[in-house]
Amino acid sequence: MGDVLAGIHATWELESDALVIRFDRGIRTPKLFGALRERRVPHEALASVTLTPGKRGTVVLHAVPRPGADPLMEAAAGQLKEGSDPYRLVLPAERETLAEHYRDELRALLASRPGAAGAAGYDGYEGHEGFAPGDGGAGGVAPADRFLVAPPPGPQSFKAYDGKASFDGTSEVAFRWSWTGASSEKWKAGDQVFSVRDLCGVEWRSPDGVDGYLRLVPRDGGSRSLDVQPDQDPACVVFGRYGPVYESLTFAAAVLAAIRGKDRVPVPVPVPVAVPAGGRGAESRDPGAVAERIRHLGELHRAGLVTDAEFSAKKAELLAEL
């Protein structure tokens, strides 16, 4: 295991290929941190790391994620309050020297990865408190072409002002309207069930504001639905005084990751090389090689890049090689 740095509300640990962030679960810890518990951030998901003065005798290490690398930050779209940013580690000012060492070590790890976002060095970020995901590559950092940080796990649900939202973790999102909060338009439309395959995005507006909501954007008719007021749109739940950030944002991030996973073409499992009749190749007979390929297939399946049917069929093919 790598170097460990404990701060206020979180601990960072450097591994050879990732930054592991573990969050405290105390009463004073932001509830979003408690809900996330732990995040493993591959170095390729980071643009840079900065160290800046904080408030009331503190310093702040900030690992800046690449646009498009983290579904949580993509869904948040720059709306998180500073104290709820999971990429900020607050430390007492007397630990500034240690924080500088940690920053430099992490920068070196980023720079050591050929083609990684940190390879060129982005010192221009010093003092910059981050950028909104999806801005097209702020500061010259290329957006990630896929999510590199795992989304909050499902299934999930939360209560909104006009209904309850639930997600099974893989394929369906449901809205069940409440008697007291839902508009007549939503009652006329009835409870809604959306297939992830029929969605192209998620729009989240923080419940910290007066007009917070979560809207699902369908592939067909998406532009029309965005013109409808949230309290009239059956593809939208309105937060009101419900739907706290730590519940609704993790929900939005999980759904968004599932949508992007369905969008991606499944990565094919390598096809065994043809061998002469009457014999098998040494690789096909190697149980370790087959087990490794099944493990990789399982990772693709958990990430939503391979469907249940594809996973079962490919696994059966691999087992048949033994």
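See the structure above.
Since the structure is predicted, the reported quantities are computational estimates derived from the model, not experimental observations.

A.B. asks: Is there a simple way to explain the overall build of the chain in this structure?
C.D. replies: Along the chain, the regular secondary structure elements total nine helices and 14 strands. Burial analysis of the chain (322 residues in total) assigns 45% to the buried set. Summarising the internal contacts of the chain: among those between residues at least 6 apart in sequence, 60% fall at separations of at least 24. Carbon and sulfur atoms form 53% of the exposed surface of the chain, whose accessible area is close to 16,300 Å².

A.B. asks: Quick question: what am I supposed to make of the sheet that holds strand E7 (residues 88–92) here?
C.D. replies: One open sheet accounts for three strands, arranged E5-E6-E7; its pairing is antiparallel. Edge positions in the sheet fall to strand E5 (46–53) and E7, since each has one partner strand and no second. Within this sheet the neighbouring strands show an average axis-to-axis angle of 15°, counted without direction. Two strands pair when backbone bridges link them, and E5 and strand E6 (residues 58–65) are joined in this way by seven bridges, in the antiparallel orientation. In the sheet register, proline 53 faces E6, and the bridge partner there is valine 59. Lying over the sheet, helix H3 (residues 96–111) contacts E5, E6 and E7, oriented at roughly 165° with respect to E5.

A.B. asks: So what exactly am I meant to see when it comes to the pairing of E6 here?
C.D. replies: Residues in a regular strand point their side chains to alternate faces of the sheet. The buried fraction of E6 is high, at eight of eight residues. Residues Thr58, Val60, His62 and Val64 of E6 are buried on one face, and the alternating residues Val59, Leu61, Ala63 and Pro65, pointing to the opposite face, are buried as well. With antiparallel pairing between neighbouring strands as the criterion, E5 and E6 make up a hairpin whose turn holds four residues, including arginine 56 at a positive phi of roughly 50°.

A.B. asks: It is not clear to me how the sheet that holds strand E11 (residues 192–195) should be interpreted in this structure. Could you clarify?
C.D. replies: Sheet strands pair via backbone hydrogen bonds, and the direction of the pair is either parallel or antiparallel. A sheet is described by the order of its strands in space; here four strands give the open sequence E8-E9-E10-E11, paired in antiparallel fashion. Each of the sheet's edge strands pairs with one partner strand only, and the pair in question is strand E8 (156–159) and E11. Sheet twist, expressed as the average angle between the axes of neighbouring strands with direction ignored, equals 10°. Pairing analysis gives four bridges linking E8 to strand E9 (residues 163–167), with the strands arranged antiparallel. From the neighbouring strand, phenylalanine 158 faces E9, where its bridge partner is alanine 165.

A.B. asks: I would appreciate a short explanation of H3 in the present structure.
C.D. replies: An α-helix turns once per 3.6 residues; consequently, residues spaced three or four apart project the same way. In this model H3 runs 22 Å from its N-terminal to its C-terminal C-alpha over 16 residues, within 8% of the 22 Å that 1.5 Å per residue would give. Residues Ala99, Tyr102, Arg103, Leu106 and Leu110 constitute the buried set of H3. In an axial view of H3, the angular spread of the buried residues amounts to 100°, which keeps them on one side of the axis. Considering only its buried residues, H3 is in contact with strand E1 (4–6), strand E2 (10–14), strand E3 (18–23), E5, E6 and E7.

A.B. asks: Just checking my understanding: could you explain the pattern of salt bridges for this structure?
C.D. replies: Two side chains of opposite charge can pair, provided their charged atoms sit close to one another. Under the defined criterion, the tally for this structure stands at 13 salt bridges. One salt bridge in this structure joins arginine 39 and aspartate 70, with 2.5 Å as the shortest N-O distance. Of this pair, arginine 39 sits in strand E4 (residues 38–42) while aspartate 70 sits in the loop between E6 and helix H2 (71–76), placing them 31 residues apart in sequence. Each member of the pair, arginine 39 together with aspartate 70, is buried.

A.B. asks: Looking at this structure, I do not really get the environment of proline 67. What am I missing?
C.D. replies: Topologically, proline 67 is positioned in the loop between E6 and H2. Here the alpha-carbon distance between proline 67 and alanine 47, two residues 20 residues apart in the chain, equals 8.5 Å.

A.B. asks: Just to check I follow, could you spell out the side chain of histidine 43 for this structure?
C.D. replies: Looking at where histidine 43 falls in the secondary structure, it is placed in the loop between E4 and E5. The class of histidine 43 is buried, set by a relative accessible area of 1%. Within the structure, the side chain of histidine 43 is placed 3.2 Å from the backbone nitrogen of alanine 18, a separation counted as a polar contact.

A.B. asks: Looking at this model, I keep getting lost on the nonpolar core. Mind explaining?
C.D. replies: Side chains of a nonpolar character, in soluble globular proteins, are inclined to be buried together. Ranked by internal contacts, the top residues of the largest apolar core, which has 64 residues, are Trp12, Leu19, Leu61, Phe175, Leu214, Leu216 and Leu249. The element contributing the most residues to this core is helix H6 (residues 245–263), with 11 residues.

A.B. asks: What exactly am I supposed to notice about the packing of aromatic side chains here?
C.D. replies: Aromatic ring pairs are reported here in terms of the distance separating the ring centres and the angle at which the planes meet. Under the defined criterion, the tally for this structure stands at eight aromatic pairs. Taking 5.5 Å as the distance between ring centres and 65° as the angle between the ring planes, the aromatic pair formed by phenylalanine 175 and phenylalanine 194 counts as edge-to-face. Separated by 19 residues along the polypeptide, phenylalanine 175 in strand E10 (residues 172–177) and phenylalanine 194 in strand E11 bring together distant segments of the chain. For phenylalanine 175, a relative accessible area of 0% corresponds to the buried category. Taking relative accessible area as the criterion, phenylalanine 194 reaches 14% and is therefore assigned buried.

A.B. asks: How do you make sense of the pairing of E8 when you look at a structure like this?
C.D. replies: Of the two faces of E8, only one is covered, namely that formed by Gln156 and Phe158; the face formed by Ser157 and Lys159 stays uncovered. Linking two consecutive strands that pair antiparallel, namely E8 and E9, is a turn of three residues.

A.B. asks: Which parts of the structure should I look at to understand unusual backbone geometry?
C.D. replies: What is expected of a backbone is that most residues other than glycine have negative phi and most peptide bonds are trans. Cis rather than trans, the peptide bond between glycine 154 and proline 155 has omega equal to -5°. Residues other than glycine seldom take positive phi values, yet histidine 9 does so here, at roughly 80°. For histidine 9, the location among the structural elements is in the loop between E1 and E2. Given the relative accessible area of 23%, histidine 9 is considered partly exposed. Positive phi, close to 50°, is recorded for alanine 77, a residue that is not glycine.

Calculation rules
- Residues numbered from 1 in each chain as written.
- Predicted model: local features only at pLDDT ≥ 70, side-chain atom pairs only at ≥ 80, totals over all residues.
- Heavy atoms only, no water.
- Helix = DSSP H or I, 4+ residues; strand = E, 2+ residues; numbered from the N terminus.
- Buried < 20%, exposed > 50% of the residue type's maximum accessible area, 1.4 Å probe, protein only.
- Contact = heavy atoms within 4.5 Å.
- Areas by Shrake-Rupley, 256 points an atom, 1.4 Å probe, with all protein chains shown as cover.
- Pairing = 2+ DSSP bridges.
- Axes fitted to C-alpha atoms, helices over the stretch in contact; angles between N-to-C directions.
- Expected span 1.5 Å × (residues − 1).
- Arc of directions from axis to C-beta.
- Salt bridge = Lys/Arg side-chain N within 4 Å of Asp/Glu carboxyl O.
- Polar contact = N/O pair within 3.5 Å; in protein donor to acceptor, adjacent residues only side chain to side chain.
- Core = buried A, V, L, I, M, F, W, Y, C linked by side-chain atoms within 4.5 Å.
- Phe/Tyr/Trp six-rings, centres within 6.5 Å; stacked < 30°, edge-to-face > 60°.

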